[in-house]
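Topology and contacts: notes
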Amino acid sequence: MKQRSKKIRTFYTDQQVCFDNIQNASFSKSPLKPYLLMQRIKEKKYSSLFLKTDKFEPFKKSDFQLAHTKMYVDNFYEGVGNYRSNSLPWSKNLVYSVGYTNAALYEAKKYALLHPQTVCFAPVSGMHHAQPNRGSGFCTFSGQVISALKLYDEFGVSGAYFDLDGHYGNSIEDSRTYCPKLNLAIPLGCNINPSGYNESYIQSFQDGLNHVEELILADKIHYVVFAHGADSHADDDIGGGCDTKHWLLCAEIFAEWVNAISKKIGKPLPVTLALFGGYRADNYNAVLDLHLSSLATIAKVVCGQTQVNTTFVFQHPPKNQRVAS
Ligand SMILES: [Zn+2]
């Protein structure tokens, strides 16, 4: 079997970041998160785990219209009607950046399909609550739906999502009627959103892995996306699900599963990673460090990076010990 590439190929350009009005005027820092995470990677000296691709084309209106009404797409671009249904401060910079965030996920998934030995990463959030005619919950467009539809058209492949954000990713199910081809691109039962707390969360995730494994072995699923949202951590401001030990365990379980299934099918399973949610008003580095620890675990277990430290010290006070600000 082909050896895995050592580095995680990362689809990042500053153009996928919205710098306007996010730091001070937005509850969600997600439009800034790609930039903040890349900075954190440098600070923590983890750059050697990643290989950056920064040249790719942004999505156009016609791409967004694969999963959204023309009216909603036009409203968002022009700043009229329901353009703020995503609950984010609107700016031209936000419009510009979402073309790149959504394209980053598509490009990462496409690269992973064409080069399955390479684990790909799109440092993006803000996609899994959007609906055909509106944004929702800090999400503007359904990037995971659009990328799946495009890859189905181009390669006839179907994918599965492991959405470990702390909130249910409704975009996929809410888009099935509007774009019926999605039932082929992401078959029913392949939008895995674990639920529960600690042991029961892990069990729910494991059930999802087992289900998708059967479909992969039957050649019905050809790639997977792992979105390890940091708001499934118990200390998140608006999420919950796992304490640190169990949250980190999810990354390990996923990584070991990828290796095991790849062995069973005799080739590397195409894997793409994404960020999704994570909210801490007191210390955003806690969110970034969770994401980084998950990525480092994948780099170590799947990519075979031997010199990687995955033992993070989380020195951030948990929710019940924080001083109210
Ligand atoms: Zn969330």
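Here the residue numbering is sequential within each chain, running from 1 through the sequence in written order. Only residues with pLDDT of 70 or above have their local features reported here, since the model is predicted, and side-chain atom pairs are shown and tallied only from 80 upward, although totals for entire chains, interfaces and linings are computed over all residues.

**Some thoughts on the overall build of the chain**
Secondary structure is summarised from DSSP: a helix means a run of H or I of at least four residues, a strand means a run of E of at least two, and numbering begins at the N terminus for each. Counting its regular elements, the chain contains 10 helices and seven strands. Over its C-alpha atoms the chain spans a radius of gyration of 18 Å, differing by no more than 12% from the 20 Å that the globule rule assigns to 325 residues. Referenced to the eigenvectors of the C-alpha coordinate spread, the extents of the chain come out at roughly 50 × 50 × 35 Å. What counts as a contact is two residues whose backbone-derived C-beta atoms lie within 7 Å of each other. Sequence-distant contacts, at least 24 apart, represent 75% of the contacts inside the chain between residues at least 6 apart. What the globule rule says is 2.2 Å times the number of residues to the power 0.38, and the radius of gyration is computed from C-alpha atoms.

**Some points on the packing of helix 1 (residues 33-43) against helix 10 (residues 284-301)**
One way to put it is that helix 1 packs onto helix 10 with a least axis distance of 10 Å and a crossing angle of 75°. Comparing their axes, helix 10 and helix 1 come out roughly perpendicular. Contacts from Leu-36, Leu-37, Arg-40 and Ile-41 of helix 1 reach helix 10 at Tyr-284, Asn-285, Leu-288, His-291 and Leu-292. Taken together, the residues of the contact of helix 1 with helix 10 break down into six nonpolar, two polar and one charged. Angles shown run from 0 to 180 degrees and are taken between the N-to-C directions of axes, each axis being a line fitted to C-alpha atoms and, for helices, limited to the stretch in contact. In these notes the angle categories are as follows: under 35 degrees is roughly parallel, over 145 is roughly antiparallel, 65 to 115 is roughly perpendicular, and the rest is oblique. Each residue is assigned to one class: nonpolar for Ala, Val, Leu, Ile, Met, Phe, Trp, Tyr, Cys and Pro, charged for Asp, Glu, Lys and Arg, and polar for all the others, Gly among them.

**Structural notes on the pairing of strand 4 (residues 159-163)**
When you tally the buried positions in strand 4, you get five out of five residues, the bulk of the element. Residues of strand 4 alternate between two faces, with Gly-159, Tyr-161 and Asp-163 on one and Ala-160 and Phe-162 on the opposite face, all of them buried. One bridge is not enough; two strands pair if DSSP finds at least two bridges between them. In terms of strand pairing, strand 4 meets strand 5 (residues 191-192) through two bridges, oriented parallel. For Phe-162, the partnering residue across the bridge sits in strand 5 and is Ile-192. Any residue with 12 or fewer other C-beta atoms within 10 Å of its own C-beta is exposed, any with 20 or more is buried, and the rest are partly exposed; the C-beta atoms used are placed from the backbone.

**Quick notes on the environment of Lys-61**
Topologically, Lys-61 is positioned in helix 2 (residues 61-64). Taking the C-alpha atoms as reference points, Lys-61 and Asp-74, separated by 13 residues in sequence, lie 8.0 Å from one another. Not counting residues within four places of it along the chain, the set of residues in contact with Lys-61 comprises Val-73 and Tyr-77.

**Here's the deal with unusual backbone geometry**
Of note, the phi angle at Ser-87 is positive, near 65°, even though the residue is not glycine. On the secondary structure map, Ser-87 appears in the loop between helix 3 (70-78) and helix 4 (92-114). Of note, Asn-198 is a non-glycine position whose phi angle comes to about 50°, a positive value. Here Asn-198 lies in the loop between strand 5 and helix 8 (199-217).

**Re the environment of Ala-160**
With respect to the helices, strands and loops of the structure, Ala-160 is situated in strand 4. By the C-beta count within 10 Å, which is 26 here, Ala-160 ends up buried. For the pair Ala-160 and Pro-187, spaced 27 residues apart in sequence, the C-alpha separation works out to 7.7 Å. Ignoring sequence-local partners within four residues, the contact set of Ala-160 consists of Cys-190, Ile-192, Val-212, Ile-221 and Val-224.

**Some words on helix 1**
Residues Lys-33, Pro-34, Leu-36, Leu-37 and Ile-41 constitute the buried set of helix 1. Projected down its long axis, helix 1 shows its buried positions confined to an angular sector of 165°, all on one face. Opposite its buried face, helix 1 presents the exposed residues Gln-39, Lys-42 and Glu-43, each directed more than 90 degrees away. Residues of helix 1 that are buried make contact with strand 2 (50-53) and helix 10. Just beyond helix 1, the residue with positive phi is Lys-45, at close to 60°. The directions from the helix axis to the C-beta atoms form the arc being described.

**As for the packing of helix 9 (residues 244-265) against helix 10**
At their nearest, the axes of helix 9 and helix 10 sit 9 Å apart, and the two run at 25° to each other. In this view, helix 9 runs roughly parallel relative to helix 10, as classed from their interaxial angle. Of the two possible hands of crossing, helix 9 and helix 10 adopt the one that is right-handed. Seen from helix 9, the contacting residues are Trp-247, Leu-248, Ala-251, Glu-252, Ala-255, Glu-256 and Asn-259; seen from helix 10, they are Leu-290, Ser-293, Ser-294, Thr-297, Ile-298 and Val-301. Broken down by class, the residue content of the contact of helix 9 with helix 10 amounts to seven nonpolar, four polar and two charged. The sense of a crossing depends on the near helix, which, turned anticlockwise from the far helix by less than a right angle, makes the crossing left-handed and, turned clockwise, makes it right-handed.

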